[in-house]
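Coordinates in review
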Amino acid sequence: MSVSPTILTKLQNSFDAQSMMRTFGAELSEVSEGRCVICAPILPGCKQQHDFGHAALAFGIGDSAAGYAALSMMPQEAEVLTTEMKINLLAPAQGDHLMAEGHVIKPGRRLVIVQADVFALLGGTKTHIATMLGSMMPVLPK
């Protein structure tokens, strides 16, 4: 299900305000209700000592994809904050880009349970490199 233009603008403006996502060269690629995809190149400054994409890159875009998936289901005035996030690294981040697909498992008033899967893309090959599970806390204005 698609989100309203107002919610899409809110998510894009929020994403554009994240300096870390700019540093990663990340883009908000897809948004629908309860789902978000973020893509980022594996830049030279985001690699670890074995020339793979660093786990921090995978975690960063996975956390944001899950967070924006949660935010897509919130009222216009709400925000979300990560309260907990676990990552399982499944394979080295070998490729040109990473793609994080975040989605809401269970929405709630106090906590939203989210999941993200991160893939490395190289040519036509898509390798599942990480899976994440966490919770987001809705933040409403006082």
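These figures come from a predicted structure and were not determined experimentally. (Residues numbered from 1 in each chain as written. Predicted model: local features only at pLDDT ≥ 70, side-chain atom pairs only at ≥ 80, totals over all residues. Heavy atoms only, no water.)

**A short note on the nonpolar core**
The condition is simple: What is meant by a nonpolar core is a set of buried Ala, Val, Leu, Ile, Met, Phe, Trp, Tyr and Cys residues, joined one to another through side-chain atoms within 4.5 Å. With a 1.4 Å probe rolled over the protein chains alone, any residue whose accessible area is under 20% of its type maximum counts as buried; one over 50% counts as exposed, and the rest are partly exposed. Working definition: helices are DSSP H or I runs of at least four residues, strands are E runs of at least two. Numbering for both runs from the N terminus. Should any heavy atoms of two residues lie within 4.5 Å, those residues are counted as being in contact.
The biggest cluster of nonpolar side chains holds 39 residues, and the ones touching the most others in it are Ile38, Ile61, Leu98 and Val118. Counting residues per element, the ones that place at least two in this core are helix H1 (5–16), helix H2 (19–24), strand S2 (35–41), helix H3 (55–71), strand S3 (79–89), strand S4 (97–106), strand S5 (112–122) and strand S6 (125–139). Excluding residues within four positions of it along the chain, Ile38 makes contact with Phe15, Ala26, Glu27, Leu28, Ser29, Ile61, Ser64, Ala65, Tyr68, Leu98, Met99 and Ala100.

**Describing the pairing of S4**
Let me state the cut-off plainly: By this definition, two strands are paired if DSSP reports at least two bridges between them.
Inspection of the sheet shows S2 paired to S4 by seven bridges, in the antiparallel sense. From the neighbouring strand, Ile38 faces S4, where its bridge partner is Ala100. Pairing geometry for S4 and S5, over nine bridges, is antiparallel. Paired with Gly102 across the bridge in S5 is Ala116.

**Examining the packing of aromatic side chains**
Put simply, the rule is: The pairing test for Phe, Tyr and Trp rings, Trp by its six-membered ring, is centres within 6.5 Å, and the orientation test on the planes gives stacked under 30 degrees, edge-to-face over 60, and tilted for anything in between. A positively charged side chain is recorded as over a ring if its NZ (Lys) or CZ (Arg) lies within 6 Å of the ring centre. The angle to the ring normal must also be within 35 degrees.
A complete count under the given rule lists one aromatic pair for this structure. Here the basic side chain of Lys126 rests over the ring of Phe119, its NZ or CZ set 4.5 Å away from the ring centre.

**Brief notes about H1**
Operational definition: Given a helix with a known number of residues, its expected span is that number minus one, times 1.5 Å. This arc is built from the directions going out from the helix axis to the C-beta atoms.
Taking 1.5 Å per residue as the helical rise, H1 with its 12 residues ought to reach 16 Å, and the 16 Å between its terminal C-alpha atoms agrees with that figure. Turning to H1, its buried residues number three or more, namely Ile7, Lys10, Leu11 and Phe15. Along the long axis of H1, the arc covered by the buried residues comes to 130°, so they all point the same way. Where H1 is buried, its residues contact H2, strand S1 (27–32), S2, H3 and S3.

**Thoughts on the layout of surface pockets**
Let me state the cut-off plainly: Only protein atoms enter the calculation, which uses a 1 Å grid: trapped sets of points that fit a 1.4 Å probe without letting it out are cavities, open sets showing protein on both sides within 12 Å along at least five of seven lines are pockets, and any residue with an atom within 4 Å of a point is a lining residue. Grid points are joined across faces, edges and corners, and a volume is the space filled by probe spheres set on the points. Gly counts as polar in this scheme, as do all residues outside two lists: the nonpolar Ala, Val, Leu, Ile, Met, Phe, Trp, Tyr, Cys and Pro, and the charged Asp, Glu, Lys and Arg.
Taken as a whole, the largest pocket holds about 220 Å³ of empty space. The wall of the largest pocket is formed by 16 residues, among which Gln18, Asp63, Ser64, Gly67 and Tyr68 lie closest to the centre. Secondary-structure elements contributing two or more residues to the lining of the largest pocket are H2, H3 and S3. Its residues placed into classes, the lining of the largest pocket shows eight nonpolar, six polar and two charged. Roughly 150 Å³ of volume is contained in the second largest pocket.

**Focus on H3**
The end-to-end C-alpha distance of H3, which contains 17 residues, comes to 24 Å, matching closely the 24 Å that a straight helix rising 1.5 Å per residue would cover. In terms of residue burial, H3 counts as a mostly covered element, since 14 of its 17 residues are buried.

**Some thoughts on the side chain of Asp117**
The condition that has to hold: We treat Lys and Arg as the positive residues and Asp and Glu as the negative residues; His and chain ends play no part in the count. Should a side-chain nitrogen of Lys or Arg be within 4 Å of a carboxyl oxygen of Asp or Glu, the pair is scored as a salt bridge. Distance and chemistry together define a polar contact, namely a pair of N or O atoms within 3.5 Å, with one atom able to donate a hydrogen and the other to accept it when in protein, and with adjacent residues in sequence counting only for side-chain atoms on both sides.
With respect to the secondary-structure elements, Asp117 resides in strand S5. Buried and without a salt bridge, Asp117 has Arg35 as its closest oppositely charged side chain, separated by 9.2 Å. A distance of 2.9 Å separates polar atoms of two side chains, one belonging to Asp117 and the other to His128. Excluding residues that lie within four positions of it along the chain, Asp117 makes contacts with Met99, Ala100, Glu101, His128, Ala130 and Thr131.

**Structural notes on the pattern of salt bridges**
Tallied over the full model, the rule gives three salt bridges. Of the charged contacts in the structure, one is a salt bridge between Arg35 and Glu30, with a shortest N-O distance of 2.8 Å. Residue class for Arg35 comes out partly exposed when judged on its relative accessible area of 28%. A salt bridge links Lys47 to Asp51; the shortest N-O distance between them is 3.4 Å. Overall, the relative accessible area of 32% leaves Lys47 in the partly exposed class. By relative accessible area, Asp51 is classed as exposed at 52%.

Worth remembering: the numbers are spatial, not functional.
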